[in-house]
Amino acid sequence: MRLTLSHVSFGLMLLFSASAFAKQSDYQQPVTVDSVSQQAELNANKVTFLQDVKITQGSIIIHADKVVVLRHEKGNDEMIATGYPATFFQILDNGKPVNASANELRYQLKDRLVTLTGKAELKQDDNQVNGDVIRYDIQKQQMVAQSSGKGSRVKTIFLPQEIDEFNKAGKQ
(Lines give C-alpha, C1' and ligand atoms only; values in the text may rest on other atoms or scores of the structure.)
Protein backbone atom coordinates (compact mmCIF):
# COMPACT_ATOMS: atom_id res chain seq x y z
CA MET A 1 0.00 0.00 0.00
CA ARG A 2 1.13 3.50 -0.72
CA LEU A 3 1.21 6.20 1.93
CA THR A 4 -0.85 9.20 0.83
CA LEU A 5 -1.77 12.56 2.31
CA SER A 6 -5.14 11.02 3.23
CA HIS A 7 -3.28 8.54 5.44
CA VAL A 8 -1.42 11.44 7.05
CA SER A 9 -4.71 13.30 7.52
CA PHE A 10 -6.41 10.24 8.99
CA GLY A 11 -3.51 9.63 11.36
CA LEU A 12 -3.44 13.25 12.45
CA MET A 13 -7.20 13.23 12.98
CA LEU A 14 -6.98 10.20 15.23
CA LEU A 15 -3.85 11.34 17.00
CA PHE A 16 -5.47 14.48 18.18
CA SER A 17 -8.90 13.10 18.99
CA ALA A 18 -7.45 12.12 22.35
CA SER A 19 -9.68 14.53 24.21
CA ALA A 20 -13.30 13.46 24.54
CA PHE A 21 -14.30 17.04 23.84
CA ALA A 22 -11.97 17.75 20.94
CA LYS A 23 -13.23 20.36 18.53
CA GLN A 24 -15.05 18.16 16.03
CA SER A 25 -15.00 20.75 13.25
CA ASP A 26 -11.17 20.50 13.21
CA TYR A 27 -11.37 17.03 11.69
CA GLN A 28 -13.41 18.30 8.75
CA GLN A 29 -10.66 20.77 7.81
CA PRO A 30 -7.76 20.07 5.44
CA VAL A 31 -4.41 19.04 6.90
CA THR A 32 -1.48 21.24 5.93
CA VAL A 33 2.09 20.09 6.51
CA ASP A 34 4.72 22.78 6.11
CA SER A 35 8.40 21.87 6.46
CA VAL A 36 11.79 22.74 5.04
CA SER A 37 12.05 19.32 3.39
CA GLN A 38 10.14 16.09 2.89
CA GLN A 39 11.33 12.58 2.10
CA ALA A 40 9.06 9.80 0.87
CA GLU A 41 10.07 6.15 0.92
CA LEU A 42 7.10 4.66 -0.91
CA ASN A 43 8.40 1.07 -0.78
CA ALA A 44 8.74 1.40 2.99
CA ASN A 45 5.37 3.21 3.34
CA LYS A 46 7.14 6.06 5.12
CA VAL A 47 7.05 9.83 4.78
CA THR A 48 9.42 12.04 6.79
CA PHE A 49 8.94 15.79 7.20
CA LEU A 50 12.09 17.61 8.35
CA GLN A 51 13.12 20.93 9.87
CA ASP A 52 10.69 23.34 11.43
CA VAL A 53 7.66 21.15 10.73
CA LYS A 54 4.28 22.80 11.25
CA ILE A 55 1.08 20.79 10.86
CA THR A 56 -2.30 22.53 10.99
CA GLN A 57 -5.86 21.26 10.83
CA GLY A 58 -8.53 23.69 12.03
CA SER A 59 -7.45 24.85 15.50
CA ILE A 60 -4.84 22.07 15.77
CA ILE A 61 -1.25 23.26 15.50
CA ILE A 62 1.70 20.88 15.82
CA HIS A 63 5.32 22.02 15.80
CA ALA A 64 8.18 19.53 15.59
CA ASP A 65 11.70 19.24 14.29
CA LYS A 66 10.77 16.00 12.52
CA VAL A 67 7.56 14.04 11.83
CA VAL A 68 7.65 10.46 10.54
CA VAL A 69 4.47 8.79 9.29
CA LEU A 70 4.66 4.99 9.00
CA ARG A 71 2.12 2.62 7.53
CA HIS A 72 2.89 -0.87 8.89
CA GLU A 73 -0.16 -2.88 7.88
CA LYS A 74 -3.77 -1.94 7.33
CA GLY A 75 -5.08 -0.23 10.44
CA ASN A 76 -1.68 -0.18 12.13
CA ASP A 77 -0.39 3.28 11.19
CA GLU A 78 2.02 5.17 13.42
CA MET A 79 3.06 8.82 13.62
CA ILE A 80 6.13 10.04 15.46
CA ALA A 81 6.78 13.76 16.02
CA THR A 82 10.08 14.71 17.64
CA GLY A 83 11.51 17.98 18.81
CA TYR A 84 12.94 19.76 21.80
CA PRO A 85 10.08 19.88 22.43
CA ALA A 86 7.48 18.79 19.89
CA THR A 87 4.26 20.67 20.71
CA PHE A 88 0.55 20.23 20.17
CA PHE A 89 -2.18 22.87 20.56
CA GLN A 90 -5.95 22.60 20.09
CA ILE A 91 -9.01 24.61 21.12
CA LEU A 92 -11.72 22.29 22.44
CA ASP A 93 -15.46 22.63 21.74
CA ASN A 94 -15.83 24.27 25.18
CA GLY A 95 -13.41 27.01 24.03
CA LYS A 96 -10.58 25.92 26.32
CA PRO A 97 -7.13 25.39 24.85
CA VAL A 98 -5.12 22.20 25.35
CA ASN A 99 -1.34 22.22 25.09
CA ALA A 100 0.92 19.17 25.08
CA SER A 101 4.65 18.94 24.65
CA ALA A 102 7.33 16.27 24.82
CA ASN A 103 10.56 15.29 23.16
CA GLU A 104 8.51 12.68 21.29
CA LEU A 105 4.77 12.47 20.50
CA ARG A 106 3.87 8.98 19.24
CA TYR A 107 0.51 7.69 18.08
CA GLN A 108 -0.26 4.01 17.43
CA LEU A 109 -3.44 3.73 15.39
CA LYS A 110 -4.24 0.06 16.01
CA ASP A 111 -3.94 0.40 19.78
CA ARG A 112 -5.41 3.94 19.78
CA LEU A 113 -2.61 4.97 22.08
CA VAL A 114 -0.92 8.39 22.28
CA THR A 115 2.41 8.43 24.09
CA LEU A 116 4.29 11.59 25.11
CA THR A 117 7.89 10.76 26.04
CA GLY A 118 10.69 12.87 27.46
CA LYS A 119 9.75 15.92 29.49
CA ALA A 120 6.08 15.20 28.78
CA GLU A 121 3.57 17.90 29.72
CA LEU A 122 -0.19 18.14 29.24
CA LYS A 123 -1.96 21.44 30.09
CA GLN A 124 -5.51 22.77 30.02
CA ASP A 125 -6.05 26.20 31.53
CA ASP A 126 -3.79 26.21 34.59
CA ASN A 127 -4.18 22.46 35.16
CA GLN A 128 -1.05 20.60 34.28
CA VAL A 129 0.42 17.08 34.35
CA ASN A 130 4.18 16.55 33.97
CA GLY A 131 6.05 13.27 33.77
CA ASP A 132 8.71 11.43 31.85
CA VAL A 133 6.00 9.51 29.98
CA ILE A 134 2.28 10.27 29.57
CA ARG A 135 0.13 7.63 27.84
CA TYR A 136 -3.43 8.24 26.76
CA ASP A 137 -5.69 5.39 25.65
CA ILE A 138 -8.32 7.02 23.44
CA GLN A 139 -10.75 4.12 23.44
CA LYS A 140 -10.69 3.57 27.20
CA GLN A 141 -10.40 7.33 27.97
CA GLN A 142 -7.56 6.56 30.40
CA MET A 143 -4.38 8.54 31.04
CA VAL A 144 -1.27 7.29 32.85
CA ALA A 145 1.65 9.55 33.72
CA GLN A 146 4.91 7.99 34.87
CA SER A 147 8.35 9.03 36.03
CA SER A 148 11.51 7.27 34.96
CA GLY A 149 12.17 6.26 38.54
CA LYS A 150 15.57 7.95 38.56
CA GLY A 151 14.65 10.48 41.22
CA SER A 152 11.98 12.07 39.04
CA ARG A 153 8.31 12.22 39.91
CA VAL A 154 4.97 12.87 38.24
CA LYS A 155 3.55 16.28 39.08
CA THR A 156 -0.08 17.40 38.73
CA ILE A 157 -1.32 20.93 39.38
CA PHE A 158 -5.05 21.73 39.72
CA LEU A 159 -6.77 25.09 39.87
CA PRO A 160 -8.51 25.63 43.23
CA GLN A 161 -11.97 25.38 41.58
CA GLU A 162 -11.06 22.00 40.09
CA ILE A 163 -9.74 20.82 43.47
CA ASP A 164 -13.07 21.75 45.09
CA GLU A 165 -15.01 19.93 42.36
CA PHE A 166 -12.68 16.92 42.69
CA ASN A 167 -13.27 16.79 46.47
CA LYS A 168 -17.06 17.04 46.01
CA ALA A 169 -17.02 14.25 43.42
CA GLY A 170 -15.05 12.04 45.81
CA LYS A 171 -17.66 12.44 48.58
CA GLN A 172 -20.54 11.31 46.36
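Since the model is a prediction, treat every value here as computed from it, not as a measurement. (Residues numbered from 1 in each chain as written. Predicted model: local features only at pLDDT ≥ 70, side-chain atom pairs only at ≥ 80, totals over all residues. Heavy atoms only, no water.)

A.B. asks: Lay out the overall build of the protein with the relevant residues and their values.
C.D. replies: Along its length, the protein carries two helices and ten strands. Helices and strands appear in the protein in the N-to-C order α-β-β-β-β-β-β-β-β-β-β-α. A burial count over the protein gives 37% of its 172 residues as buried. For the protein, long-range pairs separated by at least 24 residues make up 41% of all intrachain contacts whose partners lie at least 6 apart in sequence. When the accessible surface of the protein is summed, it comes to about 10,100 Å², and 50% of that surface belongs to carbon and sulfur atoms. (Helix = DSSP H or I, 4+ residues; strand = E, 2+ residues; numbered from the N terminus. Buried < 20%, exposed > 50% of the residue type's maximum accessible area, 1.4 Å probe, protein only. Contact = heavy atoms within 4.5 Å. Areas by Shrake-Rupley, 256 points an atom, 1.4 Å probe, with all protein chains shown as cover.)

A.B. asks: Describe the pairing of strand β4 (residues 60-71), listing the residues and the values that go with them.
C.D. replies: The side chains of a regular strand alternate between both faces of the sheet. The pairing of strand β3 (residues 46-57) with β4 spans ten bridges and is classified as antiparallel. The residue of β4 that forms the bridge with Val 47 is Val 69. Hairpin remark: β3 followed by β4, antiparallel, with two residues in the connecting loop; positive phi at Gly 58, about 60°. Judged from the nine bridges that link them, β4 and strand β5 (residues 77-91) form a sheet pairing that is antiparallel. What sits directly across from Ile 62, in β5, is Phe 88. (Pairing = 2+ DSSP bridges.)

A.B. asks: A description of the environment of Phe 49 should follow, citing residues and the corresponding values.
C.D. replies: Secondary-structure assignment places Phe 49 in strand β3. Counting along the chain gives 18 residues from Phe 49 to Val 67, while the straight-line C-alpha distance between them is 5.1 Å. For Phe 49, the contacting residues outside a window of four places in its chain are Val 33, Ser 35, Ser 37, Gln 38, Asp 65, Lys 66, Val 67 and Val 69.

A.B. asks: Kindly report on the side chain of Thr 48, identifying the contributing residues and their values.
C.D. replies: Mapping Thr 48 onto the fold places it in strand β3. The buried category is assigned to Thr 48, whose relative accessible area is 4%. If we skip the residues at most four places from it in the chain, Thr 48 touches Ser 37, Gln 38, Gln 39, Lys 66, Val 67 and Val 68.

A.B. asks: Help me get a handle on the nonpolar core, residues and values and all.
C.D. replies: Counting residues in hydrophobic clusters, the biggest one holds 23 residues, and the most contacted among them are Phe 49, Ile 55, Val 67, Ala 81, Phe 88, Leu 105 and Leu 116. If you tally residues by element for this core, the top one is β4, at five residues. Setting aside residues up to four positions removed in sequence, Leu 105 forms contacts with Met 79, Ile 80, Ala 81, Ala 86, Thr 87, Thr 115 and Leu 116. (Core = buried A, V, L, I, M, F, W, Y, C linked by side-chain atoms within 4.5 Å.)

A.B. asks: Which residues make up the environment of Thr 117, and what values go with them?
C.D. replies: The topology assignment puts Thr 117 in strand β7 (residues 113-124). Judged by relative accessible area, Thr 117 falls into the partly exposed class, the value being 29%. The spatial distance from the C-alpha of Thr 117 to the C-alpha of Gln 146 is 9.7 Å, given a sequence separation of 29 residues. If we skip the residues at most four places from it in the chain, Thr 117 touches Ala 102, Asn 103, Glu 104, Asp 132 and Val 133.

A.B. asks: So, the pattern of salt bridges: which residues are in play, and what are the values?
C.D. replies: Tallied over the full model, the rule gives three salt bridges. In this structure, Glu 41 and Lys 46 form a salt bridge, with 3.9 Å as the shortest nitrogen-oxygen distance. Note that Glu 104 is salt-bridged to Arg 106, the shortest N-O span being 3.2 Å. Overall, Arg 106 belongs to the partly exposed group, its relative accessible area being 25%. (Salt bridge = Lys/Arg side-chain N within 4 Å of Asp/Glu carboxyl O.)

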